[in-house]
Amino acid sequence: MQLSACKLLPPLLLLLLFAGYGDAYLNLFVSQSQVKKLLGLDAELYYVREGLINTYAMNFVVPVAATIDDLEFTWQSLVGQPLAYSMKIDYDMMNVPGYGSGLMALLPPKVNISSRGLVPTQQQVFAIRLPCSGLESAEIKLSIKLNVTAPPASKYQDISLVFKRNKICMKGISTQSKNDSVKLEAGPGVANGNGSFYIAATCACALILLIVSVASALYIRNSKARSQHPRKSLTCCSYSAAGTTGVTGSSILVKVDNRPGSANSGSYATIADLEPLYARPCSRASYYAATHVTHLSQSTDPCEKARAVAVPRSSLQCRTVLQEGTFGRVYRGNMSQASREQEVIIKTVTDVASAYQASLLVVEGSQLAGLIHGNIVSLTAACLDGSCPMLAYACTPCEMNLKIYLTDGSHHPVTRDLVNVAVQVARAAAFLHGRGLLHRDIATRNCLIDTSSFRTRLADAALSRDLFPQDYHCLGDNENRAIGWMALETLQHGQYSTSSDAWSFGVFLWELATMGQQPYAEVNPFELTAFLRDGYRLSQPRPCPDELFALMAVCWLQPVRDRPTMPQLLAYLQEFYDALGGFI
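Here the residue index of a chain counts from 1 through its sequence in written order. Local features in this predicted model are restricted to residues whose pLDDT is 70 or higher, and side-chain atom pairs enter the listing and the counts only when it is 80 or higher, whereas totals over whole chains, interfaces and linings include all residues. The basis for every side-chain value is the complete set of non-hydrogen atoms in the structure, without hydrogens or water.

Another point: the nonpolar core. If you look at the biggest cluster of nonpolar residues, it comprises 66 residues, and the most contacted ones within it are F505, F508, L509 and L573. Among the secondary structure elements, those contributing two or more residues to this core are α8 (402–407), α9 (415–434), β20 (447–450), α11 (488–493), α12 (498–513), α13 (528–533), α14 (546–555) and α15 (566–581). A total of twelve residues in this core trace back to one element, the largest contributor, which is α9. In this structure, F508 is in contact with L402, V421, A422, V425, I442, A443, T444, C447 and W485, ignoring residues within four places of it in sequence. Counting residues in hydrophobic clusters, the runner-up holds 37 residues, among them L45, L83, L142 and I159. As used here, the term nonpolar core means buried Ala, Val, Leu, Ile, Met, Phe, Trp, Tyr and Cys residues forming a set that is joined through side-chain atoms within 4.5 Å. Note on classification: 1.4 Å probe, protein chains only; a residue is buried when its accessible area is under 20% of the maximum for its type, exposed when over 50%, partly exposed between these limits. For helices the rule is a DSSP run of H or I covering at least 4 residues; for strands it is a run of E covering at least 2, with both sets numbered from the N terminus onward. When checking whether two residues touch, look at their non-hydrogen atoms; a contact exists if any pair is within 4.5 Å.

Below, the structure is given as structure tokens:
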């Protein structure tokens, strides 16, 4: 596997999400020539632009390939006066083979600016070199910390940035004897006048490049290593330098951290603990079908299912509008039948809806009709009279849409509550797969939650395109798709399977962990396929247990066969939920 930066960073990372400081006093970016060298793209890559921080890039932890050691960055103060900065690079040699015997894989990093200085008022470049000794193969963790002090007596805030990068060094590949194209200083010094500006510039930008590189590649190595070693890859990631450096058979195995609270420290599971479950399809959920279903079993026409539960329009009474879109509405109401009244949620369309939109409501709303399961919202009744069909689903007075529950800001579920929600949705999806059915759109917007009991049910996707338009995109073929939840093979070839449902479920878990945030919000929808194809995935939310994020990661593996089945996901989540209960 080639470790060029071009492979590590796709074009999508050039799409910036700026959130944080709204006032302009600093720019920090990678020049077009450097982006061309690292990414193969003709564009500048900004980390701080007009004072706004690229928060998406800040989440990344990406390795630096063995063949790349020099990183150049450009920065500039925008307030007409130099800005004070301080910079520090921390790197851990304790886990590097040979530490203590002189055989260190990474030599001390060199920076052509001092540890303290001034950010220049004119655009200047600074550089960081990460030289490998060539004596050992290892992956070294680096943290570059940059603090920029805001102008005195101003409304601005100080900026603190921490960038993490894993530098890959390969035995036999030494970069320490390279000729310097710029003067590189290992320590403080070179910091006065314009030299100080140049120096300061080198620090800040290096930190930021490290960001984007860092987390993206982490995912590449996870997914690609797993695809090569289905079992071992759950505990290590493999990088090979063959084909790029002339060194064959050389690879680095990066073990999972022994973090506090992990299985290695005596607590509940981490990625490594997924391996037994991952290798045994039946596991504890053997009563569900664990095979991969590749075709949707649909023995009954959707309209026939709706007609089977048809009721007169007079039986349905709409009370309160819960959601409203361009042509669709969701009501809370009552259904009266045989002197019995029942609380229901009613989906319908308005008078402005087309015949196609009305028929689509019936088709999608009948998707789960006839299924009886405690965690599935099945169609209770339908009224097909007239041009505005009405579909009714039994509910409780405290039930509401899960996405709205997560995003309205008034609810604060703890981690165990969210894992409980995930367990129930996994149970519903496993039930569907056991019957040869696919959901195709597992997401928080297609779930109902009872706010009093946390009972959660998986629902159909009827009206979701209209009620949650931000989740769906048309890529030029007049079909709105929830591309942020779709598996790579679905985006590329339109292939749906239980594995694509598992991928969507991984995004669903990410939604839970972020309280309903938008996945890939900063990525151009037209470039998402390339983003995923290059190995990039959603980053770990904060706060999110490593155990939960590990489960998300395996849902997004390529190839398809390496993903866990829904019964496996259910069994693991149930065990994690039980383990969390032990801390209460």
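On to the confidence of the model for the chain. Known as pLDDT, the predictor's confidence for each residue is given on a scale from 0 to 100. Residues of the chain with pLDDT of at least 70 account for 69%, and the chain-wide mean is 75. Segment residues 95–102: pLDDT under 50, and twelve contacts once partners within four positions in sequence are set aside and those in other chains are kept. In the model, residues 177–299 has pLDDT below 50 throughout and makes 360 contacts with residues more than four positions away in sequence or in other chains.

So, on to the packing of aromatic side chains. Pairs were defined over the aromatic rings of Phe, Tyr and Trp, the Trp ring being its six-membered one, requiring ring centres within 6.5 Å. Orientation was assigned from the angle between planes: stacked under 30 degrees, edge-to-face over 60, tilted for the rest. All told, the structure shown has eight aromatic pairs when counted by the stated rule. Here the aromatic rings of Y405 and F454 are separated by 6.4 Å at their centres, their planes lie at 90 degrees, and the arrangement is edge-to-face. Taken together, the positions of Y405 in helix α8 and F454 in the loop between β20 and β21 (456–458) put the pair 49 residues apart, joining distant regions of the chain. F454 sits in the buried class, given a relative accessible area of 17%. The interplanar angle of 40 degrees and the centroid separation of 5.4 Å between the aromatic rings of F531 and Y536 together place this pair among those described as tilted. Since its relative accessible area comes to 0%, F531 is described here as buried. On the basis of relative accessibility, which here comes to 0%, the residue Y536 falls in the buried class. The rings of F73, W75, Y85 and F126 are connected pair by pair, giving a single aromatic cluster. Ring-over charges, as used throughout, are those where CZ of Arg or NZ of Lys falls within 6 Å of the ring centre and within 35 degrees of the ring normal. Positioned above the aromatic ring of W485, the side-chain terminus of R445 is 4.1 Å from the ring centre.

Now for the packing of α12 against α15. Every axis in this analysis is a line fitted to C-alpha atoms, fitted for helices over the stretch in contact. Angles between the N-to-C directions lie between 0 and 180 degrees. Where α12 meets α15, the axes come as close as 10 Å, and the angle between the chain directions of the two elements is 30 degrees. The angle between α12 and α15 places the two elements in the roughly parallel class. Crossing of α12 against α15: the hand is right-handed. Of α15, the residues touching α12 (which contributes A502, F505 and L509) are M566, L569 and L573. Residue classes follow a fixed rule: Ala, Val, Leu, Ile, Met, Phe, Trp, Tyr, Cys and Pro count as nonpolar, while Asp, Glu, Lys and Arg count as charged, and any other residue, Gly among them, counts as polar. The class makeup of the residues in the contact of α12 with α15 is six nonpolar, no polar and no charged. Working rule for angles: under 35 degrees goes down as roughly parallel, over 145 as roughly antiparallel, 65 to 115 as roughly perpendicular, anything else as oblique. Put simply, a crossing is left-handed when the front helix is turned counterclockwise from the back one by less than a right angle, and right-handed when it is turned clockwise.

Ordered by their spatial adjacency, five strands build an open sheet running β14-β15-β16-β18-β17, and the pairing between neighbours is antiparallel. What marks the edges here is a single partner per strand, and that holds for β14 (316–324) and β17 (379–383). Adjacent strand axes in the sheet meet at a mean angle of 30 degrees, parallel and antiparallel pairs treated alike. Taken together, the four bridges between β17 and strand β18 (residues 390–394) define a ladder with antiparallel strand orientation. Bridged to C383 within β18 is M390. Helix α7 (residues 355–365) rests against β16 (340–349), β17 and β18 of the sheet, and its axis sits at about 130 degrees to β16. Strands qualify as paired when DSSP identifies two bridges or more between them.

Disulfide assignment relies on a single distance test, namely cysteine sulfur atoms paired within 2.5 Å. The tally for this structure, following the rule as stated, stands at one disulfide. A sulfur-sulfur distance of 2.0 Å marks the disulfide that ties C132 to C169. The chirality of the disulfide connecting C132 with C169 is left-handed, given an S-S dihedral of about -75 degrees. One end of the pair, C132, is in the loop between β9 (124–129) and β10 (138–148); the other, C169, is in strand β11 (residues 159–169), and 37 residues separate them in sequence. Note on C169: relative accessible area 0%, which makes it buried. A disulfide-free cysteine, C395 has its sulfur positioned 9.9 Å from the sulfur of C398, the nearest such atom.

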